[in-house]
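Letter by letter, the chains look like this.
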Amino acid sequence: MDRTLDNQATEEATETLKRKRIGRWIGRSVVAGAIVSLLLAIWLTDLYPRTDDASVRANFIGIAPEVSGLLVKLPVKDNAYVKKGGLLFEIDPRPYQYALQQALSDQEALEQQIVDEQRRIAAEHSAVEAAQAGVHQSTTGIKTAGSSVDVAKATVTRAQAASTAANAQLDLATNNLKRIEPLLQKQYVTVEQVDQTRTAVHVAQGNYDEAQAALVQAQAQQAQAMLREQEANASAAESQAKLGQAIHTVDTLDTLKSQRPSKAAKVDSARLDLERCRVVAPFDAYVTDLNISEGAYAHPGVAMFTLIDTRTWYVIANYRESKLKNIHIGTHVDVYLMGHPDRKFNGIVESVGFGVFPEDGRVVGGLPDIDRTLNWVHLSSRFPVRVRVQDPDPLLFRIGSTAVTVVR
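Residues numbered from 1 in each chain as written. Predicted model: local features only at pLDDT ≥ 70, side-chain atom pairs only at ≥ 80, totals over all residues. Heavy atoms only, no water.

(A) Representation of the overall build of the protein chain within the structure. When its secondary structure is counted, the protein chain shows five helices and 14 strands. Every one of the 408 residues in the protein chain was classed for burial, and the buried ones make up 27%. Taking the contacts inside the protein chain whose residues are at least 6 apart along the sequence as the reference set, 83% of them involve residues at least 24 apart. Approximately 26900 Å² of the protein chain is accessible, and the part contributed by carbon and sulfur atoms is 55%. (Helix = DSSP H or I, 4+ residues; strand = E, 2+ residues; numbered from the N terminus. Buried < 20%, exposed > 50% of the residue type's maximum accessible area, 1.4 Å probe, protein only. Contact = heavy atoms within 4.5 Å. Areas by Shrake-Rupley, 256 points an atom, 1.4 Å probe, with all protein chains shown as cover.)

Listed below in structure tokens is the structure:
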């Protein structure tokens, strides 16, 4: 009986010892499994960085008119989808149509003025040619008058010589008569000789008078030739003045032609302002922040609403600096939206940020302001990673939506 009890006690002790050993092995296995799982999770997290500090982004622009005026058409609505080229709004075009018509009218008036000026200048060219002919004729007249003066001078010289010779003949005949007449009383000469001498005196006197008349005539002709020369000089000066005036008048066409670029620029500017009255969507987009109606007055440069570009969507994910070593440009990224966690979207890393504002980098008085306290826990900085979504759903993506990204 005692032996049986001892055997039972021994078996119970052995069973208890086995259970303890199994419990220790299970506990060790659980701890080891937990450690392995923790290490595996840390390795996977480090290999495939994940963050829920991400938000959806897209490019957007403020739509502002480039001309002022009343809104006559506003077909879009807030949060509505518009296609590229669709009308966003239209400003009253009538003032700009009038401005374009005025600019075109001014341009046409300038062209007509140029045409009229060209006709007038054509006539003035003829006047220039006539003036040039007059100058040439005057020059020829000057030369002719100069020649006439020279001839007249020569004629005067010859007449003076002839008058001098006739005067000498007269003096000779007179002296001969004075010597012969006293000899007639003494009968040293005959009456016939005296008559011949008197005749010679009369002939000499006639020749002298004729020479004097020729001299006076030659001098008069010389004075007349000199007057004609002066008139030719005056006519040449007048012709030259007319030629200079005609040439100066022709040059005024360049001033009118220089106004063509200015008039053309005003026409182009007026036409551009008229085109700017109609504003269309530059790309497929959503309209947002629309708080105006038709009849509002548009001011240039003042945004009336915003267009969200739906062609490209991004996710800006903020990753700890310790995770950036496994994030590279072109790396594939799984993107999940907080509002639709069951949908996975594909993305690629487009860029990794290179700078954030350092909180301990303040500068006071030109020197760095460093906190003297010691933080036992160092928080790693987060840098933005720009992920471009390759297969976005425009109905689900909204700017500012929360996203989760996993880098693969």
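(B) Here's a closer look at unusual backbone geometry. A positive phi angle, near 65°, is found at N79, a position not held by glycine. Structurally, N79 is set in the loop between β2 (69-73) and β3 (81-82). What makes N79 exposed here is its relative accessible area of 55%. Residue D289 is not a glycine yet carries a positive backbone phi of 60°. Here D289 shows up in the loop between β6 (285-288) and β7 (297-298). Residue class for D289 comes out partly exposed when judged on its relative accessible area of 46%.

(C) Spotlight on the pattern of salt bridges. Applying the stated rule across the entire model yields 15 salt bridges. As a salt-bridge pair, E90 and R278 come within 3.5 Å of each other at their nearest N and O atoms. In this pair, E90 sits in strand β4 (residues 87-91) while R278 sits in strand β5 (residues 278-280), placing the two residues 188 residues apart along the sequence. Classification of E90 by relative accessible area gives buried; the value is 11%. Three or more residues joined by partner-sharing salt bridges are found here, namely E66, D273 and R276. (Salt bridge = Lys/Arg side-chain N within 4 Å of Asp/Glu carboxyl O.)

(D) Region of the structure containing the sheet that holds β5. Taken in spatial order, the four strands make up an open sheet running β5-β4-β2-β7, and their pairing is antiparallel. Two strands close off the open sheet at either side, each with one partner strand: β5 and β7. Two strands pair when backbone bridges link them, and β2 and β4 are joined in this way by two bridges, in the antiparallel orientation. Residue pairing across strands places L71 opposite I91, the latter belonging to β4. (Pairing = 2+ DSSP bridges.)

(E) Main features of the confidence of the model for the protein chain. Averaged over all residues, the pLDDT of the protein chain equals 80, while 75% of them reach at least 70. Within the protein chain, β4 carries the highest mean pLDDT (96), whereas strand β11 (residues 363-364) carries the lowest (59). (pLDDT = per-residue confidence, 0-100.)

(F) Spotlight on the packing of aromatic side chains. Taken as a whole and assessed by the stated rule, the structure comprises four aromatic pairs. With a centroid separation of 6.2 Å and an interplanar angle of 90°, the aromatic rings of F89 and F305 are classed as edge-to-face. Linking F89 in strand β4 with F305 in strand β8 (residues 305-320), this pair joins segments that are 216 residues apart in sequence. Residue class for F305 comes out buried when judged on its relative accessible area of 1%. An angle of 50° between the planes, with centres 5.8 Å apart, marks the rings of W313 and F397 as tilted. With a gap of 84 residues between them, W313 in strand β8 and F397 in the loop between β13 (382-389) and β14 (402-407) connect regions that are remote in the sequence. (Phe/Tyr/Trp six-rings, centres within 6.5 Å; stacked < 30°, edge-to-face > 60°.)

(G) Quick look at the layout of surface pockets. Looking at the second largest pocket, its volume works out to about 180 Å³. Taken together, N79, Y286, V287, T288, I308, W313, P394, L395, F397, R398 and I399 make up the lining of the second largest pocket. At the level of secondary structure, the elements contributing two or more residues to the lining of the second largest pocket comprise β6 and β8. With three residues, the top contributor of residues to the lining of the second largest pocket is β6. The residue inventory of the lining of the second largest pocket, partitioned by class, reads eight nonpolar, two polar and one charged. (1 Å grid on protein atoms, 1.4 Å probe; cavity = no way out; pocket = protein on both sides within 12 Å on 5 of 7 lines; lining within 4 Å. Points joined across faces, edges and corners; volume = space filled by probe spheres on them. Nonpolar A, V, L, I, M, F, W, Y, C, P; charged D, E, K, R; others polar.)

(H) Representation of a nonpolar patch on the surface within the structure. Residues I22, I26 and V30 make up a contiguous nonpolar surface patch of roughly 290 Å² in combined accessible area. Within the element layout of this structure, V30 appears in helix α1 (residues 2-47). On the basis of relative accessible area, V30 is assigned to the exposed category, the value being 53%. (Patch = residues over 30% accessible without salt bridge, like charges linked within 9 Å, V, L, I, M, F, W, Y side chains within 5 Å.)

(I) Representation of the pairing of β4. Burial runs high along β4: four of the five residues are buried. Judged from the three bridges that link them, β4 and β5 form a sheet pairing that is antiparallel. For L87, the partnering residue across the bridge sits in β5 and is V280.

(J) Highlighting the nonpolar core. Residues V315 and F397 are the most contacted members of the largest nonpolar core, which totals 24 residues. Top element by residues in this core is β8. It accounts for five residues. Not counting chain neighbours up to four residues away, the residues in contact with V315 comprise A54, S55, V56, V335, V385, R386, V387, V389, A403 and T405. In this structure, V67, F283, L290 and A298 belong to the second largest nonpolar core, which totals 21 residues. (Core = buried A, V, L, I, M, F, W, Y, C linked by side-chain atoms within 4.5 Å.)

(K) Focus on helix α5 (residues 260-275). For α5, spanning 16 residues, the distance from its first C-alpha to its last is 23 Å, which sits close to the expected 22 Å at 1.5 Å a residue. What α5 keeps buried is the set K263, V267 and A270. Seen along its axis, α5 keeps its buried residues to an arc of 65°; they face one direction. Exposed positions of α5 whose direction lies more than 90 degrees from the buried face are P261 and E275. (Expected span 1.5 Å × (residues − 1). Arc of directions from axis to C-beta.)

(L) Structural view of the side chain of S55. Relative to the helices and strands, S55 is located in strand β1 (residues 50-63). Here R57 takes part through its side chain, which lies 3.2 Å from a polar atom of the side chain of S55. Apart from the residues within four sequence positions on either side, S55 is in contact with Y314, V315, I316, G400, S401 and A403. (Polar contact = N/O pair within 3.5 Å; in protein donor to acceptor, adjacent residues only side chain to side chain.)

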